[in-house]
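# Secondary and tertiary structure notes
Take a look at the letters that make up each chain.
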Amino acid sequence: MKLNRAELTPKQRLIFPLDVPDWKSAEPLVHKLKDQVGFFKVGLELFTAEGPRAVRKLTDITQGRIGLFLDLKLHDIPATVGRAAAAAERLGADLLTVHASGGPAMIEAARKAAGRTKILAVTVLTSLDPSGLTELKDEYRRPGALVLRLARQAAEAGGDGFVCSGHESAALRSEFGPDQLIIVPGIRPAWSLVEGDDQQRVVTPRKAIAAGADLLVVGRPIRDAADPAQAAVRVVQEIDFATPIAPLEI
């Protein structure tokens, strides 16, 4: 899938994560949502259970019409991460995550090996709030400060973009302009907010797009809905009403 940020439709901005334990659980969701979303995300849970088999089955169903986001958050020595990135490209991944904290050499190795696959640096997990950063130096105990530091490091190493919360996307867009892809997880439509959510730094689709996000990861509000396809349509409608910062092709 060619990712042209200037031509993304509201539907193409929506990523649905297949955060389920096996392919048997994933397949019905793929069939229900393949006409409603722009990307499917395969993360650690499904990939650990099924491996590349799940990716191949997914692409057999979508026939390349939907983007593939391989969210493995790689963090290892540069040589290992580079080989993994090359393998991800062979699997057909459009997007691949690495941990920004892995350092510039690791990110550079991933970028050099990934070919057409875009390398996204995960900054600070959306499940973390300031209380989870208490061991860091004072200036980095605020998530925003740490996100910006890690993002600068990743961009200098050649990364294609970032994964961050909606609370930091405006600052990153201001810092990097149109040159970096910004993906925001922890998205909660206003109609889906619930108590006890383990995502600490959440925003609505409209706020995330307005703050400069390019792509949004929306999982539980869609997966847990009585009608997942209709829930996805509602999220796309929220995205459509947002006013994004004008993007350029990368």
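Report on the accompanying structure.

Calculation criteria
- Residues numbered from 1 in each chain as written.
- Predicted model: local features only at pLDDT ≥ 70, side-chain atom pairs only at ≥ 80, totals over all residues.
- Heavy atoms only, no water.
- Pairing = 2+ DSSP bridges.
- Helix = DSSP H or I, 4+ residues; strand = E, 2+ residues; numbered from the N terminus.
- Axes fitted to C-alpha atoms, helices over the stretch in contact; angles between N-to-C directions.
- Contact = heavy atoms within 4.5 Å.
- Buried < 20%, exposed > 50% of the residue type's maximum accessible area, 1.4 Å probe, protein only.
- Arc of directions from axis to C-beta.
- Parallel < 35°, antiparallel > 145°, perpendicular 65-115°, else oblique.
- Left-handed = near helix turned anticlockwise from the far one by under 90°.
- Nonpolar A, V, L, I, M, F, W, Y, C, P; charged D, E, K, R; others polar.

Further remarks concern the sheet that holds strand 1 (residues 14-17). Hydrogen bonds between backbone atoms are what pair the strands of a sheet, whose relative direction is either parallel or antiparallel. One closed barrel accounts for eight strands, arranged 1-2-3-4-5-6-7-8; its pairing is parallel. This sheet shows a mean twist of 25° between the axes of neighbouring strands, independent of strand direction. As paired elements, strand 6 (residues 161-163) and strand 7 (residues 181-184) share three bridges and run parallel to each other. Across the sheet, the residue bridging to G161 is L181, located in strand 7. Relative to strand 4 (residues 95-99), helix 5 (residues 104-113) is tilted by about 165°, and along the sheet it contacts strand 3 (67-74), strand 4 and strand 5 (118-122).

We now examine helix 3 (residues 52-62). Since there are 3.6 residues in each turn of an α-helix, residues three or four apart along the chain are aligned in direction. Within helix 3 the residues assigned to the buried category are A54, V55, L58, I61 and T62. Projected down its long axis, helix 3 shows its buried positions confined to an angular sector of 125°, all on one face. Two residues or fewer after helix 3 comes Q63, characterised by a positive phi angle close to 55°.

The next subject is the packing of helix 4 (residues 78-91) against helix 5. Contact pair helix 4 / helix 5: the axes reach a minimum separation of 8 Å and the direction vectors enclose 30°. When the axes of helix 4 and helix 5 are compared, the pair comes out roughly parallel. In terms of crossing hand, the pair formed by helix 4 and helix 5 is right-handed. For the pair helix 4 and helix 5, the contacting residues are P78, V81, G82, A85, A86 and E89 in the first and A105, M106, A109, A110 and A113 in the second.

Relative placement of two packed helices is described by the angle separating their axes and the distance separating the axes. Contact pair helix 1 (residues 23-33) / helix 3: the axes reach a minimum separation of 11 Å and the direction vectors enclose 20°. By the angle between their directions, the pair helix 1 and helix 3 is classed as roughly parallel. For the pair helix 1 and helix 3, the crossing hand works out as right-handed. Of the residues in helix 3, those in contact with W23, E27, V30 and H31 of helix 1 are R53, A54, K57, L58, I61 and T62. Here the contact of helix 1 with helix 3 is built from residues that sort into five nonpolar, two polar and three charged.

What follows is about the environment of V235. Following the sequence through the fold, V235 ends up in helix 10 (residues 228-241). On the basis of relative accessibility, which here comes to 0%, the residue V235 falls in the buried class. If we skip the residues at most four places from it in the chain, V235 touches L14, P189, W191, P205, V218 and I222.

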